[in-house]
Amino acid sequence: MSRAINIKAELADVKAMCERHALAISTIEALPAGGTRVVMLNPDGAERLRTLMKGKLIDTPVVRSSLFLARQPRSAG
């Protein structure tokens, strides 16, 4: 299953939940229409967060901010 999760909750609330349950976050961003996209470091953490926030999961496609910069590999130049 995917490590990426879209949640109907504020970014700070998702971070707090992950800290409270010792779940490691790879990356996290606020969604323009509201909610948070979080990518967990491992699939087990993702499944645990899905269980903890099962009533707040966003199952439909979401639009991400064009201002979000994905990690890019460093160029050899």
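The present account deals with the structure reproduced in this document. Keep in mind that this is a model prediction, so the values were computed, not measured.

1. Observations concerning the overall build of the protein chain
Then, in step 1: Summing up its helical and strand segments, the protein chain has two helices and three strands in all.
Then, in step 2: Mapped in sequence order, the helices and strands of the protein chain form the string β-α-β-β-α.
Then, in step 3: By residue count, 29% of the 77 residues in the protein chain fall in the buried class.
Then, in step 4: Nonlocal contacts in the protein chain, meaning residues at least 24 apart in sequence, comprise 67% of its contacts between residues at least 6 apart.
Then, in step 5: Entry remark: accessible area of the protein chain is about 5,500 Å², with carbon and sulfur atoms responsible for 53%.

2. Quick word on the pattern of salt bridges
Then, in step 1: By the definition in use, this model includes three salt bridges.
Then, in step 2: Across the pair Glu29 and Arg37 runs a salt bridge whose closest N-O atoms are separated by 4.0 Å. Side by side, Glu29 and Arg37 carry an identical accessibility label, which is buried.
Then, in step 3: Its salt-bridge partner being Glu47, residue Arg50 comes within 3.3 Å of it at the nearest N-O pair. Note that Arg50 and Glu47 are positioned in helix α2 (residues 43–52) at a spacing of three residues, about one turn of the helix.

How each quantity is defined
- Residues numbered from 1 in each chain as written.
- Predicted model: local features only at pLDDT ≥ 70, side-chain atom pairs only at ≥ 80, totals over all residues.
- Heavy atoms only, no water.
- Helix = DSSP H or I, 4+ residues; strand = E, 2+ residues; numbered from the N terminus.
- Buried < 20%, exposed > 50% of the residue type's maximum accessible area, 1.4 Å probe, protein only.
- Contact = heavy atoms within 4.5 Å.
- Areas by Shrake-Rupley, 256 points an atom, 1.4 Å probe, with all protein chains shown as cover.
- Salt bridge = Lys/Arg side-chain N within 4 Å of Asp/Glu carboxyl O.

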